[in-house]
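What the coordinates show
These are the residues of each chain, in order.
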Amino acid sequence: ESEIAYDHSLRLSRSVGDLRGEAISLHNLGILQFDRAQHERARELHEQYHARSLRIGNWMAESYAPIYLGLIAADLGDDAAAEEDLRQAWVAAERHGWPRLAALARAMRGVGQVLMGVRYGDSSLVRSGGRTILDHAASWSGLDDIGELYAVAAVASALSGDRGEAAEVPARCSAALHP
């Protein structure tokens, strides 16, 4: 259903010349395709989102687009591109003074490290990624992705052998969600 709605929104935005609506629809479709592991389509949509956004002055895309492009690259095993995209996202957010977006970029960099560590069987990289996520939890606690980030951190803790931390992460998540 969401794909139909976002696609309809994209077509409608294009038909009336609403470039902002088009950019937002492209971004949402890109996230949806990423969640469905349709990596090439997700990449195309995020690249289009980035281009449209810069054209209309939606500067936050300087950070949002590389976050998702970096996660796509990490899923596909392109570690260098993943690291560069996620670094670029964080730098753009810091440069513009967007603390929530900088927090998201840092947390997603941790997610990328966990993905790479799992792929290579490198528990120290898994652990490092989990720590990157948890070390910045206070700054990203208000984000939409909080449950997913805590879940990745808990899995990273368990996979790297820290069962105690893995067991306490859900309580941290609950406390953040229900202060």
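A few points on the structure. What you see is a predicted model, and the numbers here were worked out from it, not measured in a lab. (Residues numbered from 1 in each chain as written. Predicted model: local features only at pLDDT ≥ 70, side-chain atom pairs only at ≥ 80, totals over all residues. Heavy atoms only, no water.)

Moving on, we come to the overall build of the protein. What the protein contains, in helices and strands, is 10 helices and 0 strands. For the protein, the N- to C-terminal ordering of α and β elements is α-α-α-α-α-α-α-α-α-α. For a compact globule of 179 residues, the expected C-alpha radius of gyration is about 16 Å, and the protein comes in at 17 Å, within 12% of that figure. Seen along its three principal axes, the alpha-carbon backbone of the protein occupies a region of about 55 × 35 × 35 Å. Here the protein holds 179 residues, and 43% of them are scored as buried. Partitioning the contacts of the protein with sequence separation of at least 6, the portion at a separation of at least 24 is 50%. (Helix = DSSP H or I, 4+ residues; strand = E, 2+ residues; numbered from the N terminus. Rg over C-alpha atoms; globule rule 2.2 N^0.38 Å. Buried < 20%, exposed > 50% of the residue type's maximum accessible area, 1.4 Å probe, protein only. Contact = heavy atoms within 4.5 Å.)

Okay, the pattern of salt bridges next. Inspection of every chain in the model, using the stated rule, returns 15 salt bridges. Residues Asp-7 and Arg-11 are paired through a salt bridge, measuring 3.2 Å at the closest nitrogen-oxygen approach. With Asp-7 and Arg-11 both in helix α1 (residues 2-16) and 4 residues apart, the pair spans about one turn of that helix. Asp-7 gets classed as partly exposed once you look at its relative accessible area, which sits at 32%. A salt bridge links Arg-43 to Glu-40; the shortest N-O distance between them is 3.1 Å. Of this pair, Arg-43 and Glu-40 both sit in helix α3 (residues 39-56), 3 residues apart, which is roughly one turn of the helix. According to the relative accessible area criterion, Arg-43 is partly exposed, its value standing at 24%. (Salt bridge = Lys/Arg side-chain N within 4 Å of Asp/Glu carboxyl O.)

All right, on to unusual backbone geometry then. Backbone geometry at Ala-37 places phi at a positive 60°, although glycine is not the residue there. Among the structural elements, Ala-37 can be located in the loop between α2 (19-35) and α3. Given a relative accessible area of 46%, Ala-37 falls into the partly exposed group.

On to the packing of α2 against helix α4 (residues 61-76). Helix-helix packing is characterised by the crossing angle of the two axes and by the distance between the axes. Packing of α2 against α4 leaves a shortest axis separation of 11 Å and a crossing angle of 20°. Accordingly, the angle class assigned to the pair α2 and α4 is roughly parallel. Every pair of crossing elements has a handedness; the one defined by α2 and α4 is left-handed. For the pair α2 and α4, contact is made by His-27, Ile-31 and Phe-34 and by Tyr-64, Tyr-68, Leu-71, Ile-72 and Asp-75, respectively. Looking at the contact of α2 with α4 residue by residue, the class counts come to 6 nonpolar, 1 polar and 1 charged. (Axes fitted to C-alpha atoms, helices over the stretch in contact; angles between N-to-C directions. Parallel < 35°, antiparallel > 145°, perpendicular 65-115°, else oblique. Left-handed = near helix turned anticlockwise from the far one by under 90°. Nonpolar A, V, L, I, M, F, W, Y, C, P; charged D, E, K, R; others polar.)

A rise of 1.5 Å per residue sets the reference length of helix α9 (residues 146-159), with its 14 residues, at 20 Å; its end C-alpha atoms lie 20 Å apart and thus fit the reference within 8%. All buried positions along α9 are accounted for by Ile-146, Leu-149, Tyr-150, Ala-153, Ala-154, Ala-156 and Ser-157. Buried residues of α9, viewed axially, fall in a sector of 160°; they line one side. Facing away from the buried side of α9, by more than 90 degrees, are the exposed residues Glu-148 and Leu-159. On its buried side, α9 packs onto α6 (99-120), α7 (123-135), α8 (137-140) and α10 (163-177). A positive backbone phi angle near 95° is found at Gly-161, which sits one or two residues after α9. (Expected span 1.5 Å × (residues − 1). Arc of directions from axis to C-beta.)

Further remarks concern the side chain of Asp-79. Here Asp-79 shows up in helix α5 (residues 79-96). Setting aside chain neighbours within four positions, we find Asp-79 in contact with Met-116, Arg-119 and Tyr-120.

What follows deals with the packing of aromatic side chains. Taken as a whole and judged by the stated rule, the model has 0 aromatic pairs. In this structure, Arg-119 is placed above the aromatic ring of Tyr-120, and the distance from its NZ or CZ to the ring centre is 5.2 Å. (Phe/Tyr/Trp six-rings, centres within 6.5 Å; stacked < 30°, edge-to-face > 60°. Lys NZ or Arg CZ within 6 Å of the ring centre and 35° of its normal.)

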